[in-house]
Amino acid sequence: MHADLILSTTGQLVTCRSGASPKKGAAMSDVGIVSRGAVAIKDGKIVGVGPADAILPEFDSNESISFGDHVICPAFVDPHTHIVFAGDRLDEFEMKIRGTEYLDILKSGGGINSTVKETRAAKFSSLVAESNLRLDKMIEYGTATAEIKTGYGLDTATELTMLSVIETLDEISHADLVPTLLAAHAIPREFRDRPDAYVDLVCSDILPKAWAWYGGSRFAASGVPFFIDVFCEKNAFDLKQTKRIISGASKFGFAIKAHVDEFTNLGGSTFAIQIGAVSIDHLDAISDEEIDLLSKSKTVGVVTPTVNFNLGSCDFAPARKMIDHGCAIAMSTDYNPGSAPCPSQQMTMAIACRYQRLLPAEALNAATINAAWAIGLGERTGSIEIGKNADLLVLDCKDYRQAAFEFGGNLVSSRFKNGKSIETK
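Residues numbered from 1 in each chain as written. Predicted model: local features only at pLDDT ≥ 70, side-chain atom pairs only at ≥ 80, totals over all residues. Heavy atoms only, no water.

**Section: the overall build of the protein chain**
Scanning the protein chain from terminus to terminus reveals 17 helices and 18 strands. Taking 425 residues into account, the globule formula puts the C-alpha radius of gyration at 22 Å, and the protein chain, at 21 Å, falls close to it. Overall, the protein chain is about 70 × 40 × 40 Å in size when its C-alpha atoms are taken along their principal axes. The buried share of the protein chain, reckoned over its 425 residues, is 60%. (Helix = DSSP H or I, 4+ residues; strand = E, 2+ residues; numbered from the N terminus. Rg over C-alpha atoms; globule rule 2.2 N^0.38 Å. Buried < 20%, exposed > 50% of the residue type's maximum accessible area, 1.4 Å probe, protein only.)

This is the structure we're talking about:
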């Protein structure tokens, strides 16, 4: 058989294989190691995986690269980011150090709304350029596929502009992107005393226009899903408002995500799971009953340990309990201008292992294959399996666990997207 490229290692080929569903429970501690393994690639897809002494004789190739005893593993998938924005929140960083609570900053008109002001005023070209620099950082640290949310527009025109920025980034960058409409990220200042009127605007104007945009986008043409998301939280959107927006979006065909239980449990997890959400995200305040409900569902729970780390909090989402109860767990950087200025899934893994007691294998599966399922792309990427995109990393270490053990640096030495080597700046 012929391949365009064969990558091999005398060390660990870490496949994170999962078959047709995300990993749950005990399966999360299995990363599918093939010792002295090889991967055969043709037309950007994986066509062979196994021991090198079986793959190398089976395939002739245009090029074959041996990486010695370095680790080959799936490229990271980041299922929850907010990297399209303008401005910064450095003043608020100092406020948090002095003890001001996040929700108090939000209530006073800061936080999300301060970024909204800057984003509304920014030029399209500036948003593309600045966001692409952030995306380049993510790619440098090993992310090849990422979800990006809107939510710093909070009006129809700017939300649509953000969607167009995401589409442009998908076209010009090395990463594959998934768009999410998060018009329900916060109540904008002009609707501060009329939150239900803003929900009216989202449902009657932003949703239909965003869905029309998607229909003509490169994402719809390639079968990439379009998600709706709502920040169901105190001082943001209550459960009634959340239900209205998500129910309205599902009628158009949006796939469903939900920001829930970050600070306050308002019942959002239960609703989102019951309506068939692809993922529920944050989950710091999720209840035991909702953990049980999540474990019996197809929904993926996405934890964001970088947020807790950035806020100086040790009150993390109970990821250890969720895995032990049979939930499918993914993890994300939540890369954003305020609560999680982190581009690295390696750092996310390091935090999760220390503070949420995940094993390195569980953290790697959560940042690859389960993260892919959390954005509806588990059949395309996130693991080294035949038929999937050849999105691969070479790590400068002999044991994959080093990626979670070491922190503050970057172990990625080579990146391959759809079988093509990526050079970063």
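**Structural notes on the nonpolar core**
Counting residues in each nonpolar core, the largest one holds 115 residues, and the members touching the most others are Leu181 and Met322. Considering each element in turn, this core owes the most residues, 9 residues, to helix α7 (residues 195-215). Other than its neighbours up to four places away in sequence, leucine 181 contacts Thr150, Glu159, Leu163, Ile206, Leu207, Ala210, Phe226, Phe227, Ile228, Asp229 and Phe254. Counting 14 residues, the second largest nonpolar core, distinct from the first, contains Val34, Val39, Val394 and Phe416. (Core = buried A, V, L, I, M, F, W, Y, C linked by side-chain atoms within 4.5 Å. Contact = heavy atoms within 4.5 Å.)

**Observations regarding the pattern of salt bridges**
The final tally for this structure, using the stated rule, is 18 salt bridges. With a shortest N-O distance of 3.7 Å, glutamate 130 and arginine 134 are connected by a salt bridge. Within this pair, glutamate 130 and its partner arginine 134 are both found in helix α5 (residues 124-140), separated by 4 residues, close to a single helical turn. With relative accessibility at 32%, the residue glutamate 130 sits in the partly exposed group. Residue class for arginine 134 comes out buried when judged on its relative accessible area of 10%. Put simply, aspartate 176 and lysine 417 hold a salt bridge, and the shortest N to O gap is 2.7 Å. With aspartate 176 in strand β10 (residues 176-184) and lysine 417 in strand β17 (residues 412-417), the pair connects residues that are 241 residues apart, well separated along the chain. According to the relative accessible area criterion, aspartate 176 is partly exposed, its value standing at 26%. Among the charged side chains, a network of salt bridges with common partners joins Arg120, Asp155 and Glu190. (Salt bridge = Lys/Arg side-chain N within 4 Å of Asp/Glu carboxyl O.)

**Topic: the side chain of glutamate 290**
Summarising the element assignment, glutamate 290 is placed in helix α11 (residues 288-295). It is lysine 243 that comes nearest to the buried, bridge-free glutamate 290 among opposite-charge side chains, at 11 Å. With residues up to four places along the chain from it excluded, the contact list for glutamate 290 reads Asp261, Asn265, Gly267, Ser269, Thr270 and Ile273. (Lys, Arg positive; Asp, Glu negative; His and termini not counted.)

**Some remarks on the state of the cysteines**
Tallied over the entire structure, the rule returns 0 disulfides. Here cysteine 314 stays unpaired: no disulfide links it, and the sulfur of cysteine 353, its closest cysteine neighbor, is 16 Å away. Judged by its relative accessible area of 66%, cysteine 314 is exposed. As a non-bridged cysteine, cysteine 327 has cysteine 353 as the owner of its nearest cysteine sulfur, 18 Å distant. With relative accessibility at 0%, the residue cysteine 327 sits in the buried group. (Disulfide = S-S within 2.5 Å.)

**A few points about the sheet that holds strand β6 (residues 60-66)**
On the basis of which strands lie adjacent, the open sheet formed by 4 strands has the order β5-β4-β1-β6 and mixed pairing. Across the chains shown, the open sheet's two edge strands, defined by having one partner strand only, are β5 (45-51) and β6. Each adjacent strand pair in this sheet contributes to an overall mean axis angle of 20°, direction not counted. (Pairing = 2+ DSSP bridges. Axes fitted to C-alpha atoms, helices over the stretch in contact; angles between N-to-C directions.)

**So, α5**
With 17 residues, α5 should cover 24 Å at 1.5 Å per step; its first-to-last C-alpha distance of 24 Å lies within 8% of that length. Where α5 is concerned, the buried positions are Leu127, Val128, Ser131, Asn132, Arg134, Leu135, Met138 and Ile139. Down the axis of α5, the sector holding all buried residues measures 170°, keeping them to one side. Backbone geometry just downstream of α5 places glycine 142 in the positive-phi region, at approximately 110°. (Expected span 1.5 Å × (residues − 1). Arc of directions from axis to C-beta.)

**Comments concerning the packing of α7 against helix α9 (residues 239-252)**
For any two helices packed against each other, one specifies the crossing angle of their axes together with the interaxial distance. Axis separation between α7 and α9 bottoms out at 10 Å; the angle between their running directions is 15°. With respect to their mutual orientation, α7 and α9 come out roughly parallel. Note on packing geometry: the crossing formed by α7 with α9 is right-handed. Of the residues in α9, those in contact with Pro195, Asp196, Val199, Asp200, Val202, Cys203, Leu207, Pro208 and Trp211 of α7 are Gln241, Arg244, Ile245, Gly248, Ala249 and Phe252. (Parallel < 35°, antiparallel > 145°, perpendicular 65-115°, else oblique. Left-handed = near helix turned anticlockwise from the far one by under 90°.)

**Some words on the sheet that holds strand β11 (residues 227-232)**
The 8 strands lie next to each other as β8-β9-β10-β11-β12-β13-β14-β15, forming an open sheet whose pairing is parallel. The strands lining the two open edges of the sheet, one partner per strand, are β8 (76-78) and β15 (329-331). Each strand of the sheet is rotated relative to its neighbour by a mean of 25°, with strand direction disregarded. With 5 bridges joining them, strand β9 (residues 143-149) and β10 adopt parallel strand pairing.

**Description of the pairing of strand β12 (residues 255-260)**
On a regular strand, one side chain projects to one face of the sheet and the next to the other, so that they alternate. With 6 of its 6 residues buried, β12 lies for the most part within the structure. Going residue by residue along β12, you find Ala255, Lys257 and His259 tucked away on one face and Ile256, Ala258 and Val260 tucked away on the opposite face as well. Of the pairings in the sheet, the one linking β11 to β12 comprises 4 bridges and is parallel in character. If you follow cysteine 232 over to β12, its bridge partner there is valine 260. Running through α9, the crossover from β11 to the neighbouring parallel element β12 is right-handed. Inspection of the sheet shows β12 paired to strand β13 (residues 279-282) by 4 bridges, in the parallel sense. Bridging across to β13, alanine 258 finds its partner in isoleucine 280. What joins β12 to β13 is helix α10 (residues 268-274), and the crossover it makes is right-handed. (Right-handed = clockwise from strand over helix to strand, strands pointing away.)

Just distances and angles here, no functional claims.
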